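# Analysis of the macromolecular model
Each chain is listed here by its residues.
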Amino acid sequence: MAILTYRENLIQTVLDNSYGNTWEEAVNEWEITDCVEDRSRKESCICGKEELKYLYEIHNVVTDKYLYPIGSSCITKFEREDLCEETSVAEGMFKLLHAVEQNAYLELSPDLFSRKLLRALYERGAFVPSKFNNYDGANDYEFMLKMFNKRDKSSITPFQEKKIKAILLNSIKPYLQKELKNKIVR
């Protein structure tokens, strides 16, 4: 009996749990429903690859079946931009949370931020309305996006730097801690 490759295992498992008979049909039936960070890296992907750090759960909206765990590299094989974007945002949130909790020097650089991550944080309610943003979280989101988009980060004023830190510590950090507290396996 031939041993299947990781890719062949992935394709077979997805097809076995899909309505579509071809890979091209089947991949469009799936959505990401959850992501957990496994710091121990003890889990293996549905394809057989070992030592996953990020464990995704996907749901087939047609057959109502779930697959878990699946790694982000297998999700990229679905060749769907929306799923790839979701994995990038999920992993970015974990990375940002760890940097904030470790009191790392934070700047709005591509190492920790992206426009997609800022947008996802906004859409998910991380920018909390307060008296400092005229009770509209969109103001903080727009400010952070404007600061992120600055080509010359040295032009950020000390006041703007303080505001960035305040938003990170008072809005984004508590949001990430709340949302991800049960999604980190040690």
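Right above here is the structure, for reference.
Note that the structure is predicted; figures quoted are calculated from it, not measured.

Looking only at helices and strands, the protein chain has 7 helices and 4 strands in total. Its helices and strands in sequence order give the protein chain the pattern α-α-β-β-β-α-α-α-α-α-β, from N to C terminus. By its C-alpha atoms, the protein chain is 65 × 30 × 30 Å across when sized along the principal axes. Looking at the protein chain as a whole, 41% of its 186 residues qualify as buried. Within the protein chain, contacts between residues at least 6 apart in sequence are counted, and of these 58% link residues at least 24 apart. A total of about 11000 Å² of accessible surface is found on the protein chain, and carbon and sulfur atoms cover 49% of it. Here the protein chain contributes 27 positive and 30 negative side-chain charges, whose respective centroids are spaced 9 Å apart.

In this section: the side chain of Glu-29. The topology assignment puts Glu-29 in the loop between helix H2 (23-26) and strand E1 (30-38). One polar contact links the side chain of Glu-29 to the main-chain amide nitrogen of Tyr-19, over a distance of 2.9 Å. Among residues more than four places away in sequence, those in contact with Glu-29 are Ser-18, Tyr-19, Gly-20, His-59, Asn-60, Val-61, Val-62 and Thr-63.

Contact geometry of helix H4 (residues 81-101) with helix H5 (residues 115-123) gives a least axis separation of 9 Å together with a crossing angle of 80°. Judged on the interaxial angle alone, H5 and H4 are roughly perpendicular. On the side of H4, the interface is formed by Glu-85, Val-89, Gly-92, Met-93 and Leu-96, while H5 contributes Lys-116, Leu-117, Ala-120 and Leu-121.

The rules behind each value
All residue numbers here refer to positions counted from 1 along the written sequence of the relevant chain. Residues qualify for local features only when their pLDDT is at least 70, as the model is predicted, and side-chain atom pairs are given and counted only at 80 or more; totals for whole chains, interfaces and linings, by contrast, use all residues. As a rule here, side-chain values cover all heavy atoms of the structure and leave hydrogens and water aside. Secondary structure is summarised from DSSP: a helix means a run of H or I of at least four residues, a strand means a run of E of at least two, and numbering begins at the N terminus for each. Each residue gets one of three labels from its accessible area relative to the maximum for its type: buried under 20%, exposed over 50%, partly exposed in between, using a 1.4 Å probe on protein chains only. The contact rule is simple, with two residues in contact once any of their heavy atoms fall within 4.5 Å. Computed with the Shrake-Rupley method and a 1.4 Å probe, the accessible areas treat only the protein chains shown as cover for residues. Counting rule for charge: Lys and Arg are taken as positive, Asp and Glu as negative, and neither His nor the chain ends is counted. Charge placement uses NZ in Lys and CZ in Arg. For Asp and Glu, CG and CD serve respectively. The term polar contact refers here to a pair of N or O atoms within 3.5 Å; inside protein, the definition further demands a hydrogen-donor-capable atom paired with an acceptor-capable atom, and it admits residues adjacent in sequence only when both atoms are side-chain atoms. Angles here are taken between N-to-C directions and fall from 0 to 180 degrees, while the axes themselves are lines fitted to C-alpha atoms, restricted in helices to the stretch in contact. Roughly parallel covers angles under 35 degrees, roughly antiparallel covers those over 145, roughly perpendicular covers 65 to 115, and oblique covers all other angles.

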